[in-house]
Amino acid sequence: MTNLVIIDTGCANLSSVKFAFDRLNIKAEISRDIATIKSADKLLLPGVGTAMAAMKILQDRNLIETIQNATQPMLGICLGMQLMTEYSSEGNVPTLSLMSGHTDLIPNTGLPLPHMGWNKVRYEQDHPLFAGIEQDSHFYFVHSYAVLPNEHTIATSDYGVPFSAALGCKNFYGVQFHPERSGKNGAQLLKNFVENL
């Protein structure tokens, strides 16, 4: 059985991420204990709110180095994905630098911010994170900041401009959408993270 730990980032969506795994009959534990995090088989880094507030919580809980040194597969969700890059212009704050790239306000194309609701996602063919999910499937988004497509982008979505819907670099993966709120496609993606990566 996979030892799955949701890193306690103090953010509001922790329990909904845990419930998403409960629905899949996959046991997940929410923890901020460094030993528990280090011994996990798989890690999740959820986040909602601002990059600055989330980085402060991670710093206060002495979790930054543990996250940066993690060797097991880790999935960042929403703000958690953005924190995986080097920098966020939301508060102009250095982030975890697990991969290159930075997070910026979605360019103004006249569409309302935050970008909120269902949007289709186009992923890199045969990526194990998207196994069994139809191309151009819809996922649920709530965000005003995004990582524009870069060398780590494994899926894109479009809201006036293309942006990274998912990133992958070494053992670190991130999704901008909320899989825990994305119905059967989101459930499949979480299952793929546990089983395929």
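Residues numbered from 1 in each chain as written. Predicted model: local features only at pLDDT ≥ 70, side-chain atom pairs only at ≥ 80, totals over all residues. Heavy atoms only, no water.

Engineer: For the packing of aromatic side chains, give the residues involved together with the corresponding values.
Structural biologist: Under the defined criterion, the tally for this structure stands at six aromatic pairs. When the centroid spacing of 5.7 Å and the interplanar angle of 70° are considered together, the rings of Trp-118 and Tyr-140 count as edge-to-face. Taken together, the positions of Trp-118 in strand S8 (residues 115–123) and Tyr-140 in strand S9 (residues 137–143) put the pair 22 residues apart, joining distant regions of the chain. Taking the centre distance of 5.7 Å and the plane angle of 80° together, the rings of Phe-141 and Phe-177 count as edge-to-face. (Phe/Tyr/Trp six-rings, centres within 6.5 Å; stacked < 30°, edge-to-face > 60°. Helix = DSSP H or I, 4+ residues; strand = E, 2+ residues; numbered from the N terminus.)

Engineer: Just give me the short version of the UniProt feature "active site" (unreviewed entry) in the protein chain, but keep the residues and values in it.
Structural biologist: Per the UniProt record, the feature "active site" (unreviewed entry) sits at Cys-78, His-178 and Glu-180. Spanning 103 residues, the annotated positions come together in the fold, the maximum distance between their C-alpha atoms being 10.7 Å. Turning to its location among the elements, Cys-78 is positioned in strand S4 (residues 74–78). Exposure remark for Cys-78: the relative accessible area of 6% places this residue in the buried category. (UniProt positions renumbered as here; feature names shortened; annotations may be inferred. Buried < 20%, exposed > 50% of the residue type's maximum accessible area, 1.4 Å probe, protein only.)

Engineer: So, unusual backbone geometry: which residues are in play, and what are the values?
Structural biologist: Between Leu-113 and the following residue, Pro-114, the backbone shows a cis peptide bond with an omega angle of 0°. Note that Pro-114 resides in the loop between strand S7 (102–105) and S8. The phi torsion at Asn-92 lies on the positive side, around 50°, for a residue other than glycine. Among the secondary structure elements, Asn-92 is positioned in the loop between strand S5 (87–88) and strand S6 (93–94). Phi is positive for Lys-170, close to 55°, though the residue is something other than glycine. Residue position: Lys-170 is located in the loop between strand S12 (162–169) and strand S13 (172–175).

Engineer: Run through the pattern of salt bridges, naming residues and quoting values.
Structural biologist: According to the stated counting rule, one finds six salt bridges in the structure shown. In this structure, Asp-60 and Lys-56 form a salt bridge, with 2.9 Å as the shortest nitrogen-oxygen distance. Of this pair, Asp-60 and Lys-56 both sit in helix H3 (residues 51–60), four residues apart, roughly one helical turn. There is no split in this pair, since Asp-60 and Lys-56 are both exposed. Asp-136 is the partner of Arg-122 in a salt bridge, and the nearest nitrogen-oxygen pair spans 2.7 Å. Placement of the pair is Arg-122 in strand S8 and Asp-136 in the loop between S8 and S9, with a sequence separation of 14 residues. (Salt bridge = Lys/Arg side-chain N within 4 Å of Asp/Glu carboxyl O.)

Engineer: Which residues make up helix H6 (residues 183–196), and what are the values?
Structural biologist: Between its first and last C-alpha, H6 extends 19 Å over 14 residues, near the 20 Å set by a 1.5 Å rise per residue. Those residues of H6 that sit buried are Asn-185, Gly-186, Leu-189, Leu-190, Asn-192, Phe-193 and Val-194. At its buried positions, H6 is contacted by strand S1 (4–7), helix H1 (14–23), strand S3 (42–47), S4, S9 and S13. (Expected span 1.5 Å × (residues − 1). Contact = heavy atoms within 4.5 Å.)

Engineer: Give a description of the nonpolar core that names residues and reports values.
Structural biologist: Ranked by internal contacts, the top residues of the largest apolar core, which has 35 residues, are Phe-21, Leu-44, Leu-75, Leu-129, Phe-130 and Phe-177. Contacts of Phe-21, omitting those with residues within four sequence positions, involve Leu-4, Ile-26, Ala-28, Leu-44, Leu-190 and Val-194. If you look at the next biggest cluster of nonpolar residues, it comprises 26 residues, including Ile-7, Ile-37, Ala-70 and Leu-96. (Core = buried A, V, L, I, M, F, W, Y, C linked by side-chain atoms within 4.5 Å.)

Engineer: I'd like to hear about the sheet that holds S7, residue by residue, with values.
Structural biologist: Reading across the sheet, the four strands line up as S6-S5-S7-S10 and stay open at both edges, with mixed pairing between neighbours. Edge strands, defined here as strands with exactly one partner in the open sheet, are S6 and strand S10 (145–147). Here S5 runs beside S6; their pairing, made up of two bridges, is antiparallel. Pairing of Ser-88 across the sheet is with Val-93, part of S6. (Pairing = 2+ DSSP bridges.)

Engineer: Residues and numbers for the sheet that holds S9, please.
Structural biologist: The nine strands lie next to each other as S2-S1-S3-S4-S13-S12-S11-S8-S9, forming an open sheet whose pairing is mixed. The two strands at the open ends of the sheet, each matched to only one other strand, are strand S2 (28–31) and S9. Averaged over all pairs of adjacent strands, the angle between strand axes in this sheet comes to 30°, irrespective of strand direction. Two strands pair when backbone bridges link them, and S12 and S13 are joined in this way by four bridges, in the antiparallel orientation. Bridging from a neighbouring strand, Ala-166 pairs with Val-175 of S13. Helix-sheet contacts for H6 involve S1, S3, S4, S8, S9 and S13, and the interaxial angle to S3 is about 140°. (Axes fitted to C-alpha atoms, helices over the stretch in contact; angles between N-to-C directions.)

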